[in-house]
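The residues making up each chain are set out below.
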Amino acid sequence: MNEQDQLQDFLDNTYVRSHSKYTVLAYDLGVRRFKKFLVYRHDSSLQQITSKLKDKTLDVCVHDNIIITNVEICTYSNSNLELLS
């Protein structure tokens, strides 16, 4: 199953649980923005990041709206991500 099929399956399951097309649209938008963020900040695709997480070559911790990786620290609120120096 390719990435697009996996996303569609995820969105279909989201609709089954929520019965809301707006929830599905919001999740779809969130995933698309997250994929752009990964390319912009990490120069990697979602599939590459997932592989790094599975191989434990990338560590991620989320605590109180802060995403901490072994590369950088980002804070987020709603749909905005901001790099902390």
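The notes below deal with the structure included here. (Residues numbered from 1 in each chain as written. Predicted model: local features only at pLDDT ≥ 70, side-chain atom pairs only at ≥ 80, totals over all residues. Heavy atoms only, no water.)

Quick look at the pattern of salt bridges now. A complete count under the given rule lists two salt bridges for this structure. Residue Lys35 is joined to Glu3 by a salt bridge in which the shortest nitrogen-to-oxygen separation is 2.8 Å. Pair noted here: Lys35 is in helix H2 (residues 21–42) and Glu3 is in helix H1 (residues 3–18), with a separation of 32 residues, a long-range link. Residue Lys35 is classed as partly exposed on the basis of its relative accessible area of 25%. Close ionic contact of Arg32 with Asp28 constitutes a salt bridge, the shortest N to O distance being 3.4 Å. Of the two residues, Arg32 and Asp28 both sit in helix H2, four residues apart, roughly one turn of that helix. Judged by relative accessible area, Arg32 falls into the partly exposed class, the value being 44%. (Salt bridge = Lys/Arg side-chain N within 4 Å of Asp/Glu carboxyl O. Helix = DSSP H or I, 4+ residues; strand = E, 2+ residues; numbered from the N terminus. Buried < 20%, exposed > 50% of the residue type's maximum accessible area, 1.4 Å probe, protein only.)

Turning our eyes to something else, we now look at H2. Here H2 contains 22 residues, and its C-alpha end-to-end distance of 31 Å stays within 8% of the 32 Å for a straight helix at 1.5 Å per residue. Those residues of H2 not exposed but buried are Val24, Asp28, Phe37, Leu38 and His42. One side-chain oxygen of the residue at the start of H2 lies 3.3 Å from the amide nitrogen of Tyr22, identifying that residue as Ser20. Where H2 ends, the next residue or the one after it, Asp43, has phi of about 50°, a positive value. (Expected span 1.5 Å × (residues − 1). Polar contact = N/O pair within 3.5 Å; in protein donor to acceptor, adjacent residues only side chain to side chain.)

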